[in-house]
Amino acid sequence: MKILTLNFLTCARKLCKSSNTAFPLHPQDAELEIVEQDMNVEFLRNILPRLMWEELSGVVGELGLPALPPTVPTLESLTEKKLKAAENDPTGMNVVEVEVPSQVALDLHRLLLETCVKEGKLVCGSCGHEYQVREGIANFLLPGHLV
Amino acid sequence: MSSSSASYGEAYEAQHVHEVYEQIASHFSSTRYKPWPIVERFLKELPDGAIGVDVGCGNGKYLAVNPRVFIVGSDRSTNLIRIAKTHEPHSAVVADNLSLPHPLESFDFAISIAVVHHLSTPERRIEAVKAILELLRRPTNANGMGAGKALIYVWALEQKDSRRGWDEGHEQDVMVPWVMKGGDKSSKTKKGKGKKKKDKTEDQAEAPELQEADHKAEDKTFLRYYHLYKNGELEHDINEAGGAVIESGYEKDNWWAIAVPKSS
Ligand SMILES: [Zn+2]
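In what follows, the accompanying structure is described. Computed from a predicted structure; not experimentally measured. (Residues numbered from 1 in each chain as written. Chains lettered and ligands numbered in written order. Predicted model: local features only at pLDDT ≥ 70, side-chain atom pairs only at ≥ 80, totals over all residues. Heavy atoms only, no water.)

Helices and strands together make up the secondary structure of chain B, namely eight helices and nine strands. Residues classed as buried in chain B amount to 55% of the 264 residues present. By element, 51% of the accessible surface of chain B is carried by carbon and sulfur atoms, the whole surface being about 11400 Å². (Helix = DSSP H or I, 4+ residues; strand = E, 2+ residues; numbered from the N terminus. Buried < 20%, exposed > 50% of the residue type's maximum accessible area, 1.4 Å probe, protein only. Areas by Shrake-Rupley, 256 points an atom, 1.4 Å probe, with all protein chains shown as cover.)

A word on the coordination of the zinc ion. All names here are of chain A. Each protein donor to the zinc ion is listed here as C11 (SG), C16 (SG), C124 (SG) and C127 (SG); together their distances run 2.3 to 2.4 Å. In this structure, the zinc ion is surrounded by four donor atoms whose angles at the metal cover 105 to 113°, and the resulting shape is tetrahedral. Along the chain, the residues donating to the zinc ion fall in the pattern C-x4-C-x107-C-x2-C. Taken together, the residues span a long stretch of sequence, with C11 in the segment before strand 1 (26-34) and C127 in the loop between strand 4 (115-123) and strand 5 (130-134) at a distance of 116 residues. Residue classification places C11 among the buried positions, given a relative accessible area of 0%. Judged by its relative accessible area of 27%, C127 falls in the partly exposed class. (Donors = N, O, S within 2.8 Å, 3.2 Å for Na, K, Ca; no water. Tetrahedral: all angles 85-135°; square planar, octahedral: opposite > 155°, others 65-115°.)

Turning to the sheet that holds strand 1 of chain A, a few remarks are in order. All names here are of chain A. Overall, antiparallel pairing links the four strands, which are arranged 1-4-5-6 in an open sheet. At either end of the open sheet lies a strand with only one pairing partner, and these are strand 1 and strand 6 (137-138). In this sheet, strand 5 lies alongside strand 4 in antiparallel orientation, the contact comprising four bridges. Its bridge partner lying in strand 5, L122 is registered against Y131. Contacts from helix 3 (residues 103-114) reach strand 1 and strand 4 within the one sheet, and its direction differs from that of strand 4 by about 50°. (Pairing = 2+ DSSP bridges. Contact = heavy atoms within 4.5 Å. Axes fitted to C-alpha atoms, helices over the stretch in contact; angles between N-to-C directions.)

Our focus in this paragraph is the pattern of salt bridges. Residues and elements named next belong to chain A. One pass over the full model with this rule turns up 21 salt bridges over all chains. With its nearest N and O atoms 3.3 Å apart, the salt bridge here joins R134 to E119. Of this pair, R134 sits in strand 5 while E119 sits in strand 4, and the two are 15 residues apart along the sequence. Judged by relative accessible area, R134 falls into the partly exposed class, the value being 47%. (Salt bridge = Lys/Arg side-chain N within 4 Å of Asp/Glu carboxyl O.)

Residue and element names in this part refer to chain B. Here seven strands make up an open sheet; going across it, the order is 3-2-1-4-5-9-8 and the pairing mixed. The open sheet has two edge strands, strand 3 (91-94) and strand 8 (243-251), and neither has a second partner. Averaged over neighbouring strand pairs, the angle between their axes works out to 15° when direction is ignored. With six bridges connecting them, strand 5 (residues 149-155) and strand 9 (residues 254-261) associate as antiparallel partners. The residue bridging A150 from the neighbouring strand is A259, located in strand 9. Running at roughly 165° to strand 8, helix 8 (residues 233-240) makes contact with strand 5, strand 8 and strand 9 of the sheet.

Its location among the elements puts V53 of chain B in strand 1 (residues 51-55). Sequence separation between V53 of chain B and R124 of chain B is 71 residues, and the spatial gap between their C-alpha atoms is 20 Å.

Glancing now at the packing of helix 4 (residues 122-133) of chain B against helix 8 of chain B. Two numbers describe a pair of packed helices, the interaxial angle and the distance between the axes. Residues and elements named next belong to chain B. Contact pair helix 4 / helix 8: the axes reach a minimum separation of 8 Å and the direction vectors enclose 65°. Crossing handedness for the pair helix 4 and helix 8: right-handed. From helix 4, R125, I126, V129 and L133 reach across to helix 8, where they touch E233, D237, I238 and E240. The residue inventory of the contact of helix 4 with helix 8, partitioned by class, reads four nonpolar, no polar and four charged. (Left-handed = near helix turned anticlockwise from the far one by under 90°. Nonpolar A, V, L, I, M, F, W, Y, C, P; charged D, E, K, R; others polar.)

What follows deals with the interface of chain B and chain A. In this assembly, 33 residues from chain B lie in contact with 27 residues from chain A. A combined buried area of about 2400 Å² lies between chain B and chain A, and 61% of that area is made up of carbon and sulfur atoms. Our count for the chain B to chain A interface comes out at four salt bridges. Notably, a salt bridge pairs E88 of chain B with K2 of chain A, separated by 3.0 Å at the nearest N-O pair. For the pair chain B and chain A, the number of links is 13 residue pairs in polar contact (both at pLDDT 80 or more). Breaking the side of chain B that touches chain A down by element, the ones donating at least two residues are strand 2 (70-75), helix 3 (78-84) and strand 3 of chain B. Taken together, the residues of the side of chain B that touches chain A sort by class into 16 nonpolar, seven polar and 10 charged. (Buried area = accessible area lost by both parts, 1.4 Å probe. Polar contact = N/O pair within 3.5 Å; in protein donor to acceptor, adjacent residues only side chain to side chain.)

In short, shape yes, function no, at least from these values alone.
Next up, the structure:
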């Protein structure tokens, strides 16, 4: 399960829905894995304004991952211009300017979309219930008495 | 509703819906490849970067439609989620549609396709619609502007032209068979028929007849519970759940509606 997904998950129990300590869930005993994905700057650009940056930073810290930038990166900072040899130019003399993902974008992509919780649990900060993650799948089914 | 009848409904669905899907997951999944046009249109018209949920996502068929939005799918079946989670860039988790693990009032859209009709009492169906609507962004004015939108799709009672032939006046609570062929021979046979099956609709793909090709003695029949919706019933449930219907219709044996939460 992607780190990004944690931004859209909270406790499944009704009594926790109005509690502001239920979000975000806290990963514990997490075993992480990298699941490579195609880099998509446009997707990052779209998703960035929707992130709860502070909460996500907290989760990233709890997982012991490299910290997020202190504030949300600007959309402009996701790309940079680079000079590149023009295509079909055997001389290599002509260069063109292309827009490529910046290091900021590459880092965010790695952290939010490629870094996944493989095993472990997600703990609610309000009721303390633990949701298991097995083989990358988080399970939010509640035992009968907690529904 | 008393808590004993609520837990009866839950136990009934556990046996006649959840258990069945868990068992037929991979076979079911191999027949689910063609999105319904209304659902496809709804997903493709979303603005880039929209954030949504797919409640009861099954094998994640609809997660494959639009990679420019982000969807968190959920389903009760771990076996189906294992398949659904392969659809990047989206995500999929195991959850119950009456206890969804999402923050309230924060999503731009929701879809719930062929799910609400599996709940076995009127109260639980309305609760299921409510659980979807409460995840959506609230409208920013009285005209419903700015609200998140949900597309809900259920099986219709009125389908006299379908092979099943149900129509007005028929019993609405039905058990529908799913026939799974014994042995691993079946998957090979089906691959060869892939071309031919391409034009089949969802309902046809689901029909027992399709799997009858070379069956010996080991076929297994699973019965799933369905509540067949009659004309106007989905709109009624949405209103009861505190939603407003902005568009609705009938598509190939199914009723569908697009709804928004009312301003609170
Ligand atoms: Zn909780």
